[in-house]
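# Structural overview
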Amino acid sequence: MKQLFLPIFSAIILTSCGAANGSINNQNSNASSSNLKNEKAFNKAYQKIKLNDLKKNLYVIASDEMEGRDTGSPGQKKAGEYIIKFYKDLGISFPENLGSYYQKVPSSYMNKRSGGNLPDSENILAFIKGSEKPEEIIVISAHYDHVGTKNGVVYNGADDDGSGTVAVMQIAKAFQNAKNKGNGPKRSILFLHVTGEEHGLFGSSYYSDNPVFPLKNTVADLNIDMIGRDDIANRGKNYVYVIGSEMLSSELKIINEAANKKTNNLELNYKYDDPKDPDRLYYRSDHYNFAKHGIPVAFFFDGIHEDYHKPTDDVEKIDFLLLQKRTQLVFATAWELANREARIVVDKK
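Here the structure is a predicted model, which is why all the values come from computation and not from measurement.

Our next topic: the environment of E251. Structurally, the position occupied by E251 is in the loop between β8 (239-243) and α8 (252-262). Taking relative accessible area as the criterion, E251 reaches 23% and is therefore assigned partly exposed. Residues E251 and E341, 90 residues apart in the sequence, show an inter-C-alpha distance of 13 Å. Once residues within four sequence positions are removed from consideration, E251 is found in contact with R340, R343, I344 and V345.

Now for the pattern of salt bridges. Summed over all chains, the structure comprises 15 salt bridges. For E39, the salt bridge goes to K262, with nearest N and O atoms at 3.6 Å. Here the residue E39 occupies a position in helix α1 (residues 2-46), and K262 occupies one in helix α8, the gap between them amounting to 223 residues. Here R340 makes a salt bridge to E251, at a shortest N to O gap of 3.7 Å. Of this pair, R340 sits in the segment after α10 (320-339) while E251 sits in the loop between β8 and α8, placing them 89 residues apart in sequence. Judged by relative accessible area, which is 19%, R340 ranks as buried. Overlapping salt bridges, with partners in common, bring together R229, D307 and K317 in one network.

Residues with a pLDDT of 70 or more make up 90% of the protein chain, whose mean pLDDT is 92. Every residue in residues 1-20 is under pLDDT 50, and counting partners more than four places away or in other chains gives zero contacts.

Most of strand β7 (residues 218-224) sits inside the fold, with seven of its seven residues counted as buried. As defined by bridge partners, strand β3 (residues 133-143) adjoins β7 across five bridges and the pair is classed as parallel. Along β7, the bridge assignment pairs V139 with D221. In this sheet, strand β10 (residues 297-301) lies alongside β7 in parallel orientation, the contact comprising four bridges. If you follow N223 over to β10, its bridge partner there is F299.

Here the amide bond leading from D160 into D161 is cis, since omega sits at -10 degrees, within 30 degrees of zero. Within the element layout of this structure, D161 appears in helix α5 (residues 158-180). Positive phi outside glycine occurs at L201, with the angle close to 55 degrees. Tracing the chain through its elements places L201 in the loop between α6 (197-200) and α7 (202-209).

Each value, and the rule that gives it
Residues numbered from 1 in each chain as written. Predicted model: local features only at pLDDT ≥ 70, side-chain atom pairs only at ≥ 80, totals over all residues. Heavy atoms only, no water. Helix = DSSP H or I, 4+ residues; strand = E, 2+ residues; numbered from the N terminus. Buried < 20%, exposed > 50% of the residue type's maximum accessible area, 1.4 Å probe, protein only. Contact = heavy atoms within 4.5 Å. Salt bridge = Lys/Arg side-chain N within 4 Å of Asp/Glu carboxyl O. pLDDT = per-residue confidence, 0-100. Pairing = 2+ DSSP bridges.

Encoded structure:
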């Protein structure tokens, strides 16, 4: 028995080790195969963010026909209809519990805060449901309003924030393309076009007061407000200001920097992250209405240039190659946030 037992036991050990090694190798192979598949899916989706598509949509959004897209104006509503048709054509729907692409922002809400006389307006919401963690939401936001027409002159707002508006649209197209090929995001993504930013961040404030999805389920907001130009301090550079990415989470800035290195390797400028900065830009765009609720944010911005809030903020002055690169950076960051295993931490105040 003893003579038989030892060889049999040894054989069991060898078989077990072989099985274990095979299991480990299979796990490594499966992980490698999964990573390769994810990388291929990312690259194919990334390529869908095309310069000519950004240009085509911006020439419409920032045209004279839209009359400067003032909050609640016929021109803004016309721009909203164009945005919605874009999503419909792609097969991207709205949040089911909302019932349409529109979230009404009542005039009473805006005027109570501003003391003005704004008409009713609408946020526009498009939505891709996550495949594995659908209850967790990544928000990609931009405001689609501008300042309208003054003394008969149209303020087209090509950069502010036509550039952000068309960037969100192209990012949505890239994610939908991945979904159509069986590689949809694991977490849900809300493409949020907000109104009333120019008058007081009203659309994003209304959303955060009346969220379509619980704020506790919102993982992060990537906000895009002016990414089509350069400012004097960075003339001719491949750069973007990133604001707020490490204010609430120690991970978001790291993820965004890794996404940047993976893509166009822009110069990431953190000038406006300084709490002492007199421009206080962290508080001046729609991301702040998420940040004030403890939701990590990153705000992508090109700086205050010479045509800011002037009638000369026209499409002809947009640097479309730089707009494309910045849009691709936001997409790459959103892709990681949507597909990583763990939700990013909120570990700062």
